[in-house]
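Remarks on the overall topology
What follows is the residue order along each chain.
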Amino acid sequence: MMFDMYTHFPCGRVRIVMESALTARDRVGVQDFVLLEKYNSEAALIENLRRRFGENLIYTYIGSVLVSVNPYKELEMYSKQQMERYRGVSFYEISPHIYALSDNTYRAMRTERKDQCIMISGESGAGKTEASKKILLYYTVTCPINEHMATLGDRLLQSNPVLEAFGNAKTFRNDNSSRFGKYMDVQFDFRGAPVGGHILNYLLEKSRVVHQNHGERNFHIFYQLLDGGDDDLLTTLALERNPQSYNYLVKVCVCVCVCVCVCVCGINRGIICNSLVQGNCPRLSSVSDKNNWKVVMKALSVIGFTEEEVQKLLDIIASVLHLGNTQFGEGEEGETYITTETQITHLAKMISPLNFEQAMSARDALAKAVYGRTFTWLVEKINQSLALKEEIYHSGKGCTVIGLLDIYGFEVLQHNSFEQFCINYCNEKLQQLFIELTLRSEQEEYETEGIAWETVQYIDNKIICDLIEEKHKGIISILDEECLRPGETCDVSFLEKLEDTLGGHPHFVTHKLANGKTRRVMSREEFRLLHYAGEVNYNVNGFLDKNNDLLNRNLKEVMCQSDNQILCHCFRREEVIHQKRPEMAATQFKNSLMKLMEILMSKEPSYVRCIKPNDAKQPGRFDEVLVRHQVKYLGLMENLRVRRAGFAYRRCFEAFLQRYKPLCPETWPNWHGRLADGVSTLVNHLGYKAEEYKLGRSKIFIRFPKTLFSTEDALQAKKPEIVITIQSAWRGMKARRRAKRRRQAAELIRKLIKGFIYRHEEYCPENEYFLDHVRCSFLKNLRKNLPKSVLDQNWPTPPPSLVETSDHLRRLHMRNMVMKYCRRVQPEWKKQMMQKVIASEIFKDQKDSYPQGVGRLFLDSRLEREQINLKVVQTLGNDKVQYGVSVVKYDRRGFKPRPRQLLLTNTFAVLVERTKIKQRVDYTALRGISVSSLSDGMFVLHMPNEDNKQKGDVVLHCDHVIELVTKLAMMAGKVNYVNVSPGSIRFVLARGKEGIIDFVRGSELKVAKGKRGHLLVVSLF
Ligand SMILES: Nc1ncnc2c1ncn2[C@@H]1O[C@H](COP(=O)(O)OP(=O)(O)OP(=O)(O)O)[C@@H](O)[C@H]1O
Ligand SMILES: [Mg+2]
C-alpha cells in the first residue's frame, strides 16, 4: 500500500481490515467495471460478469451505467426490505442494484428538479421489461403518496399485465417478448409523490396477428381468453376452448416456412424447423394462460375499464379469431366466395371483386388493422386512467418526470422482414443517442475541466442512421417513393432502386453488389445492412405492402358502421370520406422515433444495459460467446475504456472533500478555504502521487481504482476513530451545556432568595431581580385572569410597587369593557336603560317595591291605542299621548276610589274618565310627586295652592307606580321633585286644607279611611 496515511493508523490492524475488504470484493469480481485492473481486456470484463453471475450478483456498474444479466430465475433481492436498503443511499456505498439506479434517478430528479429518463436496452429476452417493472415497483412502493392520487400506484402497476397480454407474445427468444415499443412517463409532484403517468407506444408487430413462426405464438390475450374465459363467455363469443381450432393460432400454412434463427454473430442458435404449420405452440410451460387471464381481468377493472368496455374488447379479440377461420373458395370464373359460415357474412360482398389471394390478404389486413387499432385504443384508455388530474396540473407547483424506455431489442432472424428493419433502425437510433450522451459527453467533460487526455475511438453509427433515414437518399425515402410511384412497382423494383441509389455505400450490400463469399449467404431478394451490432439480411418481400399498410376501403366503411364502440372509435368516418393518404408506416415510425429522441434528449439519462446469458432461457448458464457478442454491440468496452482511459473516478470537489475530509487533520472537521485547495491539501496528506490524480476546474479525477480503494478503505478504518471523536465531542458538549444550565439555575435561585429578603427595601441591586420578577409575574398573571364582564369584581392583588398601576389598569380595563358593552347596546335597550337609571336614582334603597318594579321591562304604554277614547284623543289634538296607564283616583273628601286613565303628553298629563278629561296637570305647574317608601302603589301629585280655585293635590294609585313615576318625572323634568316619604304623605286639599295618608305594613293589602280622617294604606310586608 502506498499511502502516507498508514503512518496515522496502527499499521497491522488497518492493513488487515483493508486487505480483507479488498479480498472480499475480489472474490465476487468488482462491482464497477472501472475498477478492473485489466480494463482493456474484453475477456476480463466478461470474466468479471461471469464470476458475479455465478454468485447471483447480476448487477454491475460501468460508472453510472448499470449492466444487468438475466438470471432466468427468481432471486431474493427485490423485497421491500431491499428497497428500504437502497432508499436515499449513495450509489457507491452499497452493492449495485436496479433499485440503486432507480433511487439515484429519483433523488436527482428531486434535488435538481430536472426530468430524468431511464433507458433500458439489450436484445430480446435480456430482461428489459422485467427491469422496467422493477423500477416502477420501486417507485410505487417507496415514494410518498399524494392523497388525490392514492390509487395511481396500483393503476401504474396494473397497466403492465394489460399491455403485456395484448402486446407481448412468445417468440423464439423470449416467452414474453414485447412486440411493441414502450415509453412511459411517471409524473411526480413537488413532494415526490407519483401523480400521473403517460404511455407512448411504438409500432406494434401487427403481422403476428395473422402469422407466427413455428414455435412462436400469437399475442398472449388470445390464449388467455381461450384458456381462462369461462364456458358462458366462450359460448357468447362463439369460441371453442381448443386453440387448435383457430387458424391464426395454429394454422396449416400454405407456404413452406423455414425459420432458422441465427445469432447476430452468425452462429446458428440451434432451432431449425421446416414445417408446414405456423405457430403451433398453443401452450407455454413457463406461463399459465389461465392465471394470467385472471390477472388481466382484474387489472382492467383496477385501471377503470367498464364491464361493457371489457366485453367489447373481447368481442373484438374473438372476431379476429373468427376472421382467421374465414375460408374462401374460388368460383369457375375466378370469383371468390366464403366457404365457411361465420358471423362476418358481409365479407363475401366486400371481397367479391378480388381474386383468391387478394381476398386472403384483404382478410388478413382487416385482422391486423382491427387488432392494431384496438391496441392503440387500449393505450389511450390506460393513459386516460393515469392522466394527471387537472387540479394537480394547475396547482402551479409543477411536476417533474421520470421516463422509462423499454423498447424491443436488436433482432436478427433467418428471415428478417420489414418489422426487423424497423426494430433494428430503432436500436440504431438509441445507440446513437447513447453515444451522444455518454461517450461524447464524457470526452467533452475532460475538455471542460481542462484535463489533458487521449481521445478514445468508438463506433459512431451515424453513417448507418443516415443510410436509413436520410431525406431522398435514405432507405425509408426510397421505400416511400416506390410505394407512391405510379406504374408497376413491386418489392423487387424497390430492391433495384436501392441498388441504384445506395450501391457502393460501405454499410449496404445486395446479392448483386456482393462479392462471391457474401453472395453465397444471401438470396436475390435480400439486402444487407452492416448495423453497429452486426450484419443483418433483410428480405424485401412484403416491404411495400407493409409500408403501405393499406386496408380495403369497403372494409373500412363496414368497420365505421360497427356497433362495437371501440371499433367505431378506431375506424373514423372522416378517414373514409377524406381520402388523404396517411403517412407510410416507415415514415410514421421514423417521425415517432424523432419525437422520442427529442423527449429523451430533453431529460437527464440513466442507462440499464441488459445482457442475455444464454439462449436456452436457463438459469446458471453463462454462454461466453453469446455474452461477448452483446458486450460488443452494446459498446460496453468503449464505455469502459472512455471511463477509464483518463480516469477511473471523478468526483466534484465538494463531494470528495465531504467524504474523505476525516482523513486529514487540516480538513477535519471543516475546511474553510477554497474547495480546490482543500482537496489538494487532502490528497497531499494522503500521499497521492502526481500520476494518480488530476484536479480539474470543479472535479478531482482519480486515475487508478486502487487509489480510490485505499482511500475508501482508510475511511472505513478511520470511521471508528471518527465515531469516538464525534461521540466524545457530542457528549462533552452536552455535559457542558447541562453544567451551564445548572450554574445559571443556581444563580437565579440565589438572586430570588436575596431579593425576597430585601423585598421591602427601595429598588436596589439586591432586590431588583426579585421585584422585576414579581412585577412581571403579576402582569403576566393579570393578562391571563382579566375580568370578563363588568359585573366580575375579581382582580389579582398587585405587589406593593404596582398598586397604582394596577388601579389604572383596572379602570382602563373596566372602561374598555363598558365601551365594548355600550357599542353593542341597541337603541331600544338604551332607552330602557336610561329610564332604569333614573328609576334607580329616584327609588333605589328608598322604596320597598323598587327592586321588583325596576326588574320589569318598562313599556312604552300600558294602554292600547283603542283603549283610549277617540274623543279624548281629538280633544288633545296635536299633543300626542306618550304614555297611558290605568290608575285609581281617591277623592279628596271621603277618599272614594274612582277608576281613571292617566295619559302623559310631552307637556302635561290628563286624568280621563271614559270620554271626559277630568283634570289637566301642566308639568310646569307640578310642584312635586310623593310616594311612600313601602311597596304600595299610592302617589300624590302636588299642585300649586296659592289660588283658592285650585282643586288641591291629586291622590292616585297605580299598579306600575315605579314605571309611571319615572316616566312622569322624566317627561316633566322633575326628577329631583320626587319625594319618597316614610310613614305618611301630607297633601293639600282644596282651599288650603291639609290631608294625610298614613302608610303601614300589614298582612293584608288595604286602602281605607282612618280614624282621624286620614287615608290609611296598608302594604304587605
Ligand atoms: N431480473 C430478473 N429476475 C428473474 N427473471 C428475469 C429477470 N429479468 C428477466 N427475467 C426472465 O427473462 C424473461 C425475459 O425478460 P424480458 O421479458 O424482460 O425480456 P426483454 O428484454 O423485455 O425482451 P423483449 O425485447 O423480447 O421484450 C422474463 O420473462 C423472465 O422470465
Ligand atoms: Mg420486453
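Per an unreviewed UniProt entry, the protein chain goes by the name Myosin Ic, paralog a and belongs to Cyclopterus lumpus. Among the UniProt annotations of the protein chain, the heading Subcellular location (unreviewed entry) holds the following wording: "Cytoplasm, Cell cortex". Quoted verbatim from the Sequence similarities (unreviewed entry) field of the UniProt record, the comment on the protein chain reads "Belongs to the TRAFAC class myosin-kinesin ATPase superfamily. Myosin family."

As a further point, take the overall build of the protein chain. Within the protein chain, the regular secondary structure consists of 34 helices and 31 strands. Residues counted as buried form 51% of the 1021 residues belonging to the protein chain. Excluding contacts between residues fewer than 6 apart, the proportion of contacts in the protein chain whose partners are at least 24 apart in sequence is 63%. Only carbon and sulfur atoms are counted for the fraction: they give 52% of the accessible area of the protein chain, which is about 50,600 Å².

Protein ligation of the magnesium ion (ligand 2) involves Thr129 (OG1) and Ser178 (OG), the donor distances falling in the range 1.9 to 2.1 Å. Of this pair, Thr129 sits in helix 5 (residues 128-142) while Ser178 is found in strand 5 (residues 177-178), placing the two residues 49 residues apart along the sequence. For the pair shown, Thr129 and Ser178 are each scored as buried.

UniProt's feature table lists "binding site: ATP" (unreviewed entry) at Gly122, Glu123, Ser124, Gly125, Ala126, Gly127, Lys128 and Thr129, given in the numbering used throughout. Structurally, the position occupied by Gly122 is in the loop between strand 3 (116-121) and helix 5. Those residues in contact with Gly122 that sit more than four places away from it in its chain are Lys128, Gly409, Phe410, Cys610, Tyr633 and Leu634. Mapped onto the elements of the fold, Ala126 is located in the loop between strand 3 and helix 5.

A full pass over the atoms with the stated rule returns 27 aromatic pairs. Residues Phe494 and Phe543 carry aromatic rings whose centres are separated by 5.8 Å and whose planes lie at 25 degrees to one another, so their mutual orientation is stacked. Highlighted residues: Phe494 in helix 17 (residues 491-502) and Phe543 in helix 19 (residues 543-548), separated in sequence by 49 residues. Here Phe494 matches Phe543 in class, with each residue buried. Within the aromatic cluster, the residues linked to one another by ring pairs are Phe418, Phe421, Phe494, Phe508, Phe527, Tyr538 and Phe543. The ring of Phe305 has Lys381 sitting right over it, with the charged end atom 5.5 Å from the ring centre. The ring centre of Tyr769 lies 4.8 Å from the NZ or CZ of Lys751, which sits over that ring.

Next up on the list: the sheet that holds strand 28 (residues 984-988). Sheet strands line up and pair through hydrogen bonds in the backbone, either parallel or antiparallel. Strand order in this open sheet of four strands is 28-29-31-30, and the pairing throughout is mixed. Edge positions in the sheet fall to strand 28 and strand 30 (1006-1009), since each of these pairs with one other strand and no more. Averaged over all pairs of adjacent strands, the angle between strand axes in this sheet comes to 20 degrees, irrespective of strand direction. Pairing of strand 29 (residues 994-1002) with strand 31 (residues 1015-1020), which is carried by six bridges, proceeds in the parallel orientation. Bridge assignment links Phe999 to a residue of strand 31, and that residue is Val1017.

The grouping of Leu748, Ile749, Ile753, Phe756, Ile757 and Tyr758 at the surface amounts to a nonpolar patch, some 580 Å² of accessible area in total. Within the secondary structure, Tyr758 sits in the loop between helix 28 (705-757) and helix 29 (768-784).

For the rest of this paragraph, the subject is the site of ligand 1. Ser124, Lys128, Thr129, Ser177 and Ser178 are the nearest of the 19 residues found near ligand 1. In the environment of ligand 1, an oxygen atom lies 2.6 Å from a nitrogen or oxygen atom belonging to the side chain of Ser177. Computed on the free molecule, ligand 1 has an accessible area of 630 Å², of which 89% lies beneath the protein chains in the complex. Those elements giving two or more residues to the shell around ligand 1 turn out to be helix 5 and strand 5. Looking at which element gives the most residues to the shell around ligand 1, the answer is helix 5, with four residues. Of the residues that constitute the shell around ligand 1, the class distribution is four nonpolar, 10 polar and five charged.

Now for the side chain of Asn416. With respect to the helices and strands, the residue Asn416 is situated in the loop between strand 12 (400-406) and helix 14 (418-449). Taking the relative accessible area as the measure of exposure, Asn416 reaches 1% and is therefore buried. Among the polar contacts made by the side chain of Asn416, one reaches the main-chain amide nitrogen of Leu413 at a distance of 2.6 Å. When sequence neighbours within four positions are dropped, the list of residues in contact with Asn416 reads Glu411, Val536, Asn537, Tyr538 and Asn539.

Glancing now at the sheet that holds strand 17 (residues 649-652). If you walk across this open sheet you meet the three strands as 17-19-18, and the pairing is antiparallel. The open sheet has two free edges, formed respectively by strand 17 and strand 18 (693-695), since each of these has just one partner strand. Neighbouring strand axes in the sheet, compared pairwise and without regard to direction, differ in orientation by 15 degrees on average. Strand direction decides the pairing type here: strand 18 and strand 19 (residues 699-702), joined by three bridges, are antiparallel. In the sheet register, Leu695 faces strand 19, and the bridge partner there is Ile700. Sitting on the sheet, helix 26 (residues 653-660) touches strand 17, strand 18 and strand 19, and the angle it makes with strand 17 is about 95 degrees. Running at roughly 160 degrees to strand 18, helix 27 (residues 675-686) makes contact with strand 18 and strand 19 of the sheet.

Time to look at the pairing of strand 16 (residues 604-611). A large share of strand 16 lies buried, amounting to six of its eight residues. Pairing of strand 2 (residues 65-69) with strand 16, which is carried by four bridges, proceeds in the parallel orientation. In the sheet register, Leu66 faces strand 16, and the bridge partner there is Val608. One ladder, built from six bridges, connects strand 3 with strand 16; its direction is parallel. By the bridge assignment for strand 16, Ser121 is matched with Arg609.

What follows covers the pairing of strand 3. Counting buried residues in strand 3 gives six out of six residues, a clear majority hidden from the surface. Of the two faces of strand 3, the one holding Gln116, Ile118 and Ile120 and the one holding Cys117, Met119 and Ser121 are both buried throughout. Taken together, the five bridges between strand 3 and strand 12 define a ladder with parallel strand orientation. Bridging across to strand 12, Ile118 finds its partner in Leu404.

Further remarks concern the nonpolar core. The biggest cluster of nonpolar side chains holds 192 residues, and the ones touching the most others in it are Leu49, Phe166, Phe222, Phe421, Ile475, Phe494 and Phe527. The dominant element in this core, judged by the number of residues it contributes, is helix 12 (residues 356-386), at 13 residues. Aside from chain neighbours lying at most four places away, what touches Phe421 is Ile468, Ile475, Ile476, Phe527, Leu529, Tyr538 and Phe543. Counting 34 residues, the second largest nonpolar core, distinct from the first, contains Tyr923, Leu964, Val965 and Val980.

Before going further, it helps to spend a moment on the packing of helix 16 (residues 475-484) against helix 23 (residues 585-601). Put simply, helix 16 and helix 23 touch, their axes get as near as 9 Å, and they point 145 degrees apart. Here helix 16 runs over helix 23; the crossing is left-handed. Of the residues in helix 23, those touching helix 16 at Ile476, Leu479 and Asp480 are Ala586, Thr587 and Lys590. Among the residues making up the contact of helix 16 with helix 23, the classes are represented as three nonpolar, one polar and two charged.

In this chain, Trp668 is followed by Pro669 through a cis amide linkage whose omega measures 0 degrees. With respect to the helices, strands and loops of the structure, Pro669 is situated in the loop between helix 26 and helix 27. Of note in the backbone geometry, Asp845 takes a positive phi value of approximately 60 degrees without being a glycine. Relative to the elements of secondary structure, Asp845 occurs in the loop between helix 31 (827-843) and helix 32 (850-855). In this structure, Arg914 takes a positive phi of about 45 degrees despite not being glycine. Within the element layout of this structure, Arg914 appears in the loop between strand 22 (908-913) and strand 23 (916-922).

Criteria and cut-off values
Throughout this description, residue numbers start from 1 for each chain and increase along the sequence as written. Each chain gets a letter, beginning with A, and each ligand a number, beginning with 1, in the order they are written. In keeping with the model being predicted, local features are shown solely for residues with a pLDDT of at least 70 and side-chain atom pairs are shown and tallied solely at 80 or more, while totals for entire chains, interfaces and linings include all residues. Each side-chain value is worked out from all heavy atoms of the structure, with water and hydrogens disregarded. UniProt positions are given in the numbering used here, feature names are shortened, and annotations may be inferred rather than shown by experiment. The helix and strand labels rest on DSSP assignments: H or I over at least four residues marks a helix, E over at least two residues marks a strand, and numbering proceeds from the N terminus. Burial status follows relative accessibility: with a 1.4 Å probe on protein chains alone, a residue under 20% of its type maximum counts as buried, one over 50% as exposed, and anything between as partly exposed. Throughout, a residue-residue contact means that at least one pair of heavy atoms, one from each residue, lies within 4.5 Å. All accessible-area figures derive from a Shrake-Rupley calculation using a 1.4 Å probe, and residue coverage is judged against the displayed protein chains alone. Coordination partners: N, O, S within 2.8 Å of the metal, 3.2 Å for Na, K and Ca; water not considered, so apparent gaps in a site are possible. Any Phe, Tyr or Trp ring, taking Trp's six-membered ring, that has another such ring centre within 6.5 Å forms a pair; planes under 30 degrees apart are called stacked, those over 60 apart edge-to-face, and the others tilted. By the criterion adopted, a ring carries a charge over it if an Arg CZ or a Lys NZ lies within 6 Å of its centre and within 35 degrees of its normal. Only when DSSP finds a minimum of two bridges between them are two strands counted as paired. Only the stretch in contact is used when fitting a helix axis, every axis being a line fitted to C-alpha atoms; angles between N-to-C directions are given from 0 to 180 degrees. Put simply, a patch holds well-exposed residues, over 30% relative accessible area, that have no salt bridge, with like charges counted together within 9 Å and Val, Leu, Ile, Met, Phe, Trp or Tyr side chains within 5 Å. The salt bridge criterion pairs a side-chain nitrogen of Lys or Arg with a carboxyl oxygen of Asp or Glu, the two atoms within 4 Å. Residues are labelled near a given molecule or strand when at least one of their non-hydrogen atoms is within 4 Å of it. In protein, a polar contact requires one atom able to donate a hydrogen and another able to accept it; more generally it is a pair of N or O atoms within 3.5 Å, and residues adjacent in sequence count only if both atoms are side-chain atoms. Each residue gets one label: Ala, Val, Leu, Ile, Met, Phe, Trp, Tyr, Cys and Pro are nonpolar, Asp, Glu, Lys and Arg are charged, and the others, such as Gly, are polar. The nonpolar core is taken to be a set of buried Ala, Val, Leu, Ile, Met, Phe, Trp, Tyr and Cys residues, with the residues joined through side-chain atoms within 4.5 Å. Throughout, a crossing is termed right-handed when the near helix is turned clockwise from the far one, and left-handed when it is turned anticlockwise from it by less than a right angle.

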